[in-house]
Amino acid sequence: MLRLSAAALALTLLAAPAAFAQPADASVTLTFETGARSGRVMVALYDSEASYTSGSPVATAAVDASGSVVAVFDNLPAGDYAMKSFHDVNGDGQMNTNPFGMPTEPYAFSNNAVGNMGPASWDRARFTVSGDTAQTISIR
Amino acid sequence: MVPSRRAFMTGAAALSAAVVTPDAVRAAEAMAATDWGLVTADVEADVAPHAMRLVHGRAPDGLTGALYRNGPAKFRRPGRSAEHWFDGDGLVRRFRIQDGQAGLAARFVDTPKRRQETRLDAMVMPGFGTMPDPRAEIGSPDDASAANTSVHLVGGELWALWEAGSPAVLDPGTLETRGFKTLRPDLKGMPFLAHPRIEPDGRIWNLGVGGDQAMVWRLAPDGSLEDASVIELPRASYIHDFTATDTQLVIVLQPWVRTRMVMPFSAGFEWKAEEGTQVLVVDKADLGKRRIFELPAFGFFHLGDAWRDGADIRFDVCAHRDMDFAARGAQQVVNGVPLDGEPARLAMVRLGADGRASLERTDIVGEFPRSDPRRAGLERRLTIHTAGETPGRPFASGIGVTDWSTGRTRGFDFGAGHVVDEMVFAPRPGGTAEDDGWLIGPSLNLTDRVTELHVLDAARVDEGPVATWRADVALPAAFHGTWTS
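This structure is a prediction, so every number in the text was calculated from the model and none was measured. (Residues numbered from 1 in each chain as written. Chains lettered and ligands numbered in written order. Predicted model: local features only at pLDDT ≥ 70, side-chain atom pairs only at ≥ 80, totals over all residues. Heavy atoms only, no water.)

### Focus on the overall build of chain B
The condition is simple: A run of DSSP states H or I qualifies as a helix once it reaches four residues; a run of E qualifies as a strand once it reaches two. Both are numbered from the N-terminal end. For this measure, only C-alpha atoms enter the radius of gyration; the expected value for a globule follows 2.2 Å times N^0.38, where N is the number of residues. Partly exposed residues are those whose accessible area sits between 20% and 50% of the maximum for their type, while under 20% is buried and over 50% is exposed, using a 1.4 Å probe and protein chains only. In what follows, a contact means two residues having at least one pair of non-hydrogen atoms within 4.5 Å. Values of accessible area rely on a 1.4 Å probe in the Shrake-Rupley scheme; residue burial ignores everything except the protein chains shown. The charged-residue count follows a simple rule in which Lys and Arg add positive charge and Asp and Glu add negative charge, with His and chain termini not counted at all. In this description, the location of a charge corresponds to atom NZ of lysine, CZ of arginine, CG of aspartate or CD of glutamate.
For chain B, the count of helices and strands is four helices and 36 strands. Its C-alpha atoms give chain B a radius of gyration of 21 Å, within 12% of the compact-globule value 23 Å for 485 residues. When the backbone C-alpha atoms are referred to their principal axes, chain B occupies close to 60 × 55 × 45 Å. Residues counted as buried form 61% of the 485 residues belonging to chain B. Put simply, of all contacts in chain B between residues at least 6 apart along the chain, 59% involve residues at least 24 apart. Roughly 17700 Å² of accessible area belongs to chain B as shown, and the carbon and sulfur atoms make up 49% of that amount. If the 54 positive side-chain charges of chain B are averaged to one point and the 66 negative ones to another, these points end up 1 Å apart.

### Regarding the overall build of chain A
Helices and strands together make up the secondary structure of chain A, namely three helices and eight strands. Taken from the N to the C terminus, the helices and strands of chain A come in the order α-β-β-α-β-β-β-β-α-β-β. Within the span of chain A, comprising 140 residues, buried residues form 46% of the whole. For chain A, restricting intrachain contacts to residue pairs at least 6 apart in sequence, the fraction spanning at least 24 positions comes to 72%. Carbon together with sulfur atoms contributes 48% to the accessible area of chain A, which is approximately 6200 Å² in total.

### Some details on the UniProt feature "binding site: Fe cation" (unreviewed entry) in chain B
All names here are of chain B. Put simply, the test is: UniProt positions are given in the numbering used here, feature names are shortened, and annotations may be inferred rather than shown by experiment. Any pair of N or O atoms that falls within 3.5 Å is considered a polar contact. Within protein, one atom must be able to donate a hydrogen and the other to accept it, and sequence-neighbouring residues count only if both atoms are side-chain atoms.
The UniProt entry lists H195, H240, H302 and H480 under the feature "binding site: Fe cation" (unreviewed entry), expressed in the numbering used here. A maximum C-alpha distance of 12.3 Å places the annotated residues, which cover 286 residues in sequence, within one compact spot. Judged by its relative accessible area of 12%, H195 is buried. Contact partners of H195, with chain neighbours within four places excluded, come to N206, H240, D241, F242, H302 and H480. A polar side-chain atom of H195 sits 3.5 Å from a polar atom in the side chain of H302. Among the structural elements, H302 can be located in strand β22 (residues 299–303).

### Structural notes on the nonpolar core
Taken as a class, soluble globular proteins show a tendency for nonpolar side chains to be buried jointly. All names here are of chain B. Operational definition: Among buried residues, those of type Ala, Val, Leu, Ile, Met, Phe, Trp, Tyr and Cys that are joined through side-chain atoms within 4.5 Å constitute a nonpolar core.
Grouped together as the largest cluster of nonpolar side chains are 26 residues, with contacts concentrated most on W85, F86 and Y238. Tallying contributions element by element places helix α4 (residues 324–334) first for this core, with five residues. Formed by 25 residues, the second largest nonpolar core is a distinct cluster that contains A59, A73, L104 and A426.

### A short note on the packing of aromatic side chains
Rules: Planes of paired rings set the category: under 30 degrees apart is stacked, over 60 is edge-to-face and the rest tilted, where pairs are Phe, Tyr or Trp rings (Trp by its six-membered ring) whose centres lie within 6.5 Å. Placement of a charge over a ring requires the Lys NZ or Arg CZ to be within 6 Å of the ring centre, with the centre-to-atom vector within 35 degrees of the ring normal.
Taken as a whole and judged by the stated rule, the model has 23 aromatic pairs over all chains. Between Y46(A) and Y52(A) the ring centres are 5.5 Å apart and the planes differ by 85°, which places this aromatic pair in the edge-to-face class. The buried category is assigned to Y46(A), whose relative accessible area is 0%. An aromatic cluster is defined as three or more aromatic residues linked by ring pairs; in this entry it consists of W85(B), F86(B), F128(B), Y238(B), W256(B), F265(B), F269(B), F301(B), F325(B), F395(B) and F479(B). The cationic tip of K84(A) hangs over the ring face of Y46(A); the distance from NZ or CZ to the ring centre is 5.1 Å. Above the ring of Y52(A), the side-chain terminus of K84(A) is found at 4.6 Å from the ring centroid.

### A few points about the domain arrangement of chain B
Heads up, the condition is: Note that the domain bounds were set by an automatic or database domain assignment.
Here chain B is described as being made up of domain 1 (1–33) and domain 2 (34–484). With centres defined by C-alpha atoms, the gap from domain 1 of chain B to domain 2 of chain B works out at 28 Å.

### A few points about the environment of L453(B)
All names here are of chain B. Secondary-structure assignment places L453 in strand β34 (residues 450–457). The spatial distance from the C-alpha of L453 to the C-alpha of P234 is 42 Å, given a sequence separation of 219 residues. Each residue touching L453, except ones within four places of it in the same chain, is listed here: M52, L67, F95, I97, A102, I440, G441, P442, A467, T468 and W469.

### A closer look at the interface of chain A and chain B
Rules: The term buried area denotes the loss of accessible surface (1.4 Å probe radius) that occurs when two parts are joined, taken as the sum for both partners.
Facing 18 residues of chain A, the contacting portion of chain B comprises 34 residues. Buried area between chain A and chain B, both sides added, is near 1900 Å², and the carbon and sulfur share of it is 66%. There are nine residue pairs in polar contact (both at pLDDT 80 or more) connecting chain A and chain B.

### So, the pattern of salt bridges
Oppositely charged side chains may form a pair once their charged atoms are brought near each other. Residue and element names in this part refer to chain B. Inclusion rule: By definition, a salt bridge exists where a carboxyl oxygen of Asp or Glu is found within 4 Å of a side-chain nitrogen of Lys or Arg.
Tallying each qualifying case throughout the model produces 48 salt bridges over all chains. Between D133 and R135 there is a salt bridge whose closest N-O contact spans 2.8 Å. With relative accessibility at 9%, the residue D133 sits in the buried group. Under the relative-accessibility criterion, R135 is labelled partly exposed at 37%.

### Let's talk about the sheet that holds strand β1 (residues 47–51) of chain B
All names here are of chain B. The criterion, for reference: In short, DSSP must find at least two bridges between two strands for them to pair. To obtain an axis, a line is fitted to C-alpha atoms, over the contacting stretch when the element is a helix, and the angle between two such axes runs from 0 to 180 degrees between their N-to-C directions.
If you walk across this open sheet you meet the five strands as β1-β7-β6-β3-β36, and the pairing is antiparallel. Edge positions in the sheet fall to β1 and β36 (480–484), since each of these pairs with one other strand and no more. With direction set aside, neighbouring strand axes in the sheet form an average angle of 10°. Relative to β36, strand β3 (residues 65–72) is paired through five bridges, and the arrangement is antiparallel. Within β36, the residue paired with L67 across the bridge is W483.

### Some details on helix α3 (residues 112–120) of chain B
Residues and elements named next belong to chain B. We apply this condition: Starting at the helix axis, one direction is taken to each C-beta atom, and the arc is that of these directions.
The complete set of buried residues in α3 reads K113, R114, Q116 and E117. One side of α3 holds all its buried residues, which, seen down the axis, span an arc of 165°. Exposed and oriented more than 90 degrees from the buried face of α3 are R115 and R119. Residues of α3 that are buried sit in contact with β4 (76–77) and β7 (101–108). One or two residues past the end of α3 sits D121, with phi positive at roughly 50°.

### Some points on the environment of L76(A)
Residue and element names in this part refer to chain A. Relative to the elements of secondary structure, L76 occurs in strand β4 (residues 69–76). As a C-alpha pair, L76 and P99 span 23 residues in sequence and 39 Å in three-dimensional space. If we skip the residues at most four places from it in the chain, L76 touches P23, A24, D25, A26, S27, V28, L45 and Y81.

### Focus on the sheet that holds strand β11 (residues 177–180) of chain B
All names here are of chain B. On the basis of which strands lie adjacent, the open sheet formed by four strands has the order β8-β9-β10-β11 and antiparallel pairing. For this open sheet the edge positions go to β8 (150–154) and β11, each flanked by a neighbour on one side alone. Looking at each pair of strands side by side, their axes are set apart by 30° on average, direction ignored.

### Focus: the side chain of R235(B)
Residues and elements named next belong to chain B. Here R235 is to be found in the loop between β15 (225–232) and β16 (243–244). Of the side chains bearing the opposite charge, E275 lies closest to the buried R235, which forms no salt bridge; the N-O distance is 4.3 Å. Residue contacts for R235: discarding those within four places in its chain leaves G211, D212, L253, Q254, P255, V257, E275, G276, T277 and Q278.

### Examining the confidence of the model for chain A
Just so we agree on the cut-off: On a scale of 0 to 100, pLDDT captures the predictor's confidence in every residue.
On average, residues of chain A carry a pLDDT of 88, and 85% of them reach 70 or more. Ignoring residues within four places in sequence, the model shows residues 1–20 of chain A, a span with pLDDT below 50, making 56 contacts including any to other chains.

Put into structure tokens, the structure is as follows:
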């Protein structure tokens, strides 16, 4: 009945060079609460609605899930950001889906935002970064 | 919510047209004064276990067990309401019969949908006939699950089933919700119909439908997954139910076909009578072995268990003229408006070894077909069904047992003041005959505004209940249930 777009949720984990036009002295620390301790949590950070929607992150991280799962992004210009993540539980590098295309591995967005039959919108996931900013994300 | 008096009178007139007696007139008058809205009323809280009061007869010796049932019981909130009967929150009811006494408990399935909607005090989830609200938070199909369609005991767990997502798992003792069932990690969130077909030894077959594809689920009696394979369907029909013989899956593809990916779900379907109804038969032992049969167009929600008759396949269907009830009627029903629709009538399908298929229609009004679970997939002659629906009355007032070997129906009508739910067959311990047992199910007594539980002798249905109990509450009409002894 409901269709989520796996393609829209899948993260483009490309390292993207950031052009800093203002002092880059802010940071984001994201602590992930996972339901499994295998594989890696794949994290992508975006600095605009355009980059978020098109899947062009300003920074990415792949964090081993066996210990505490923390992604730190330093040297960011203050501003609005949003994050997409998925837990690659089986370590195959993919966000796995069921035969009808629904995600079977956990995924999450900043603010622990949830979408409406798709990825959480920029408006739901956006948060303001100034100085040292931290969020705890439940990804189960 | 409350229909006009005129609409009531129209329905009552139709009911009493056949036999106008003083009783019928009084019943019609009672109906006119009755709050029909009770049938799809909101229940505001779980119902704590309580004893029901015996008001007629006595419990048969040897009848011990529990009838679990599921159906929508919360449709309206101040911020927004569901627009379709199929979109209310599932309330799981347990009617327990023991030592001659009966008791009732009921608990809402604690779904993500219900949690969000409680927090927002608005019904926001998309459904069968309800548009999504922009506030809805939906990360998976299960987030939108109303878990409201049927219930089955599987391996010590009580599964509340919907049809577009996973089973919700409840504790059969406390009715507390434990979460959703993932049968295998790579199949998380796959749909699982509310009408599994269960072989006499407990093996479970089910479908999960997505457009013109279906997942075929095969589960061991303890609920562990034996196999899950996707098969292609010849068309993207609406599939609420399928049937099975002991060796074949029988998938009926009505000409209500999904042609557009729009919301709500039901708005994406189109009635294409000219394309007729197809039946896909798949071998259980080899899902690649398949045959397709052609039948005249009919709509349906529910099928009876199928069986092999020589090299042919037979099964019964509650055949609707079309799917107007799904598309439109069930929206009106939730607003308390009696329909002007034709009720379903029983029909028998034969799929011939020669590739020809036939549909033998009857005049017997019937829905919610059930039969002896010990004969699932095997030859049988009886179908238990609700009865008494008319164009002015979209809910049943009676129960029938139709014998396909004679064409005869024995039935009992509880009267216009009752809305009768599906009844299940409970075999008499030690008995083997198909009618050696009881029919068990509730009715909603609209006149006295209370839920009743009835037990009828399956061989003497026309004599009416052998026992009737009353609860403290009036629960809205529900869909499907299961008896466990």
